[in-house]
Amino acid sequence: MLSVRSSVSRTALCLDGVWQFQLDDGTGLKEGWYARSLTDPRPMPVPASYNEITTDMEVYDHVGLAWYQRDVLVPHLRDGERLILRFGSVTHHGRVWVDETEVAYHEGGYLPFEADITDHVTPGETFRLTVAVDNELRWDTIPVGYTGTDALGQKRRNYFFDFFSYAGIHRSVVLYTRPAHAVTDVTIVTDISGANGLLTYSVEAPGASDIHVRVLDAAGCEVARAEGAEGTITVEDAHLWAPGKGYLYTLEVHADDDVYPQPFGIRTVAIEDSQLLINGTPFYFRGYGRHEDNIVRGKGHDNVLMVHDFEVMKWQGANSFRTSHYPYAEEVLDYADREGFVVIDETAAVGLNLSMWPGELGDVPGKVTFSPDTVTEATQKTHADHIREFIARDKNHPSVVIWSIANEPESETEAARDYFAPLAQVAREADPTRPVGYVNVAMATPDVEKCADLFDVVMLNRYNGWYTDTGNLALGEKKLRDEIDGWIKLCPGKPIIFTEYGPDTLDGLRDYQRRPWSEEYQIDMLGMFHRVFDDYPQVVGEQMWNFADFRTIPGIIRVGGNRKGMFTRDRLPKAAAYVVRDRWLAMRERLGF
Ligand code: GCB
């Protein structure tokens, strides 16, 4: 789905602000709360997670539907113009009404959806916009989860990841206009030929008879043009997009009266000899797995925080991150494009692995991941659709160089292989140009792993010295080296990227003995991993866990959340941040960005 971008033919009206909000008491749908004003509303900002806006535990821990409402004044439309209502994301599922008419239903909490509401509204008049947000996961949703009832009869959400499953309208809500014959999709693939850039494009614009495109450089000057819905264009003396150099062109797409400006960068991605090449040059990933997570807002997108996070990452000498463990706001990828950051883009398929989860209610069916009661073909179908939707949204971002289709799934069984083989294929069909991978969990070591050959890269989350051999870095190091040797043997020619490593660290806890949880131990454990990485040319990336501390589910191993951040939750550096900064700035100096 295309992002909202203004042009001469498109006007966007942002509906963010303070909406009305009410928790469902089990009667909302039956009684049709959308058909009238909410009876006992409280104010709720959009976008934001609703959980921590109030001080009520009831809101924080709510299970089920939550209702949002506001009035919207309909703008006047020019001849034949359509009015589209678009949500950047509603977590996890959203149902939308315009007055009493249901106009959209979307499952999956981290991708956009939209509805053409032209025929349900009257220009110059106001309509009541109602959204029912559902935070319950099921075995056939991505991510998977289930709602159970504890011994006291309380409904509890269960899911198989540690970050708190915030809910709400997390990204902007926009009302935009477009002409009757509009551009609905654009796909751009770039290549390099000598000093020139090659751009292959295709446009979808149902009903449009006159389609042409212009290529504009970063200053807005036309450098090439072409007729038709698809073609290949040469950009002479192209200015390449490269890590640290986020040069962007715009493909200005014209379809009858519609104009849609699609930014793009000219660059290539390839894998050769265990290296990931961007524009033919080996790239080394320095950075983090991150979360969309912040005080009060939860997972609500916020430009202030986004820009600050990029500034902090640049301060440290990072050049990349993974969108662990779900697709991030479109604004984040736009910003990565222009800042020249390199992104491993991940789906929301986190937690397809029951063996390591006790299940809060103790009733995870048999703890078997792939079974008729847990992850089934229905899950696989949702996962496949999610991959297609996700790649359709993010395919034109030059910053994205790898698709990660799952985080730490079971991958050491035949059932896992049956599940993932078709999904790897779905990703390749949706985008034949980028490497596809999944992020491997510690138990699926190379001697038991069954899925690695389906993918182009090896991405590993490892906690030697933390979850295993706690406090014993010498032993952790030996095992790490042995394991890397195993991966090189199993996957010759494939690059290895460490997508998670690092200990929980309480900021302010200092220790002469440098023991676990102290700031010193974080320095030592990250240092151990880095020393090992430096000995293996096949290791082409270090993305420590996590950029910042983040909110989690309650748990006896989580003190005030997950504390593996390089930075605290309010983005202040722990001691390790300075040590790693020295390393990364020196690497930046040596390798370019
Ligand atoms: C992991 C998960 C990540 C957790 C992390 C941890 O392997 O991928 O979501 O937060 O470990 O800190 O335990």
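Calculation notes
- Residues numbered from 1 in each chain as written.
- Predicted model: local features only at pLDDT ≥ 70, side-chain atom pairs only at ≥ 80, totals over all residues.
- Heavy atoms only, no water.
- Salt bridge = Lys/Arg side-chain N within 4 Å of Asp/Glu carboxyl O.
- Helix = DSSP H or I, 4+ residues; strand = E, 2+ residues; numbered from the N terminus.
- Buried < 20%, exposed > 50% of the residue type's maximum accessible area, 1.4 Å probe, protein only.
- Near = heavy atom within 4 Å.
- Polar contact = N/O pair within 3.5 Å; in protein donor to acceptor, adjacent residues only side chain to side chain.
- Areas by Shrake-Rupley, 256 points an atom, 1.4 Å probe, with all protein chains shown as cover.
- Expected span 1.5 Å × (residues − 1).
- Contact = heavy atoms within 4.5 Å.

### A word on the pattern of salt bridges
Line of reasoning, step 1. All told, the structure shown has 52 salt bridges when counted by the stated rule.
Line of reasoning, step 2. Across the salt bridge formed by Glu-114 and Arg-86, the nearest N and O atoms sit 3.7 Å from each other. Highlighted residues: Glu-114 in strand E10 (residues 113-116) and Arg-86 in strand E6 (residues 82-87), separated in sequence by 28 residues.
Line of reasoning, step 3. Overall, Glu-114 belongs to the partly exposed group, its relative accessible area being 25%.
Line of reasoning, step 4. Classification of Arg-86 by relative accessible area gives buried; the value is 5%.
Line of reasoning, step 5. The closest approach of N and O atoms between Lys-381 and Asp-385, which form a salt bridge, is 2.8 Å. Of this pair, Lys-381 and Asp-385 are both found in helix H5 (residues 377-394), 4 residues apart, which corresponds to roughly one turn of the helix.
Line of reasoning, step 6. Put simply, Arg-86, Glu-114, Arg-178 and Glu-330 are held in one network by salt bridges that share partners.

### Examining the site of the ligand
Line of reasoning, step 1. Neighbouring the ligand are 13 residues, the closest being His-325, Glu-408, Tyr-467, Glu-500 and Lys-564.
Line of reasoning, step 2. Between the ligand and His-325 there is a distance of 2.6 Å, counted from an oxygen atom to a side-chain nitrogen or oxygen.
Line of reasoning, step 3. Contact between the ligand and Glu-500: an oxygen atom at 2.7 Å from a side-chain N or O atom of the residue.
Line of reasoning, step 4. Relative to its free-state accessible area of 320 Å², the ligand is covered by the protein chains to the extent of 90%.

### Details of helix H8 (residues 519-534)
Line of reasoning, step 1. Across its 16 residues, H8 extends 23 Å between first and last C-alpha, which sits within 8% of the 22 Å expected from 1.5 Å per residue.
Line of reasoning, step 2. Its buried side turned inward, H8 meets helix H7 (473-490), strand E32 (496-500), strand E33 (539-545) and helix H9 (575-591).

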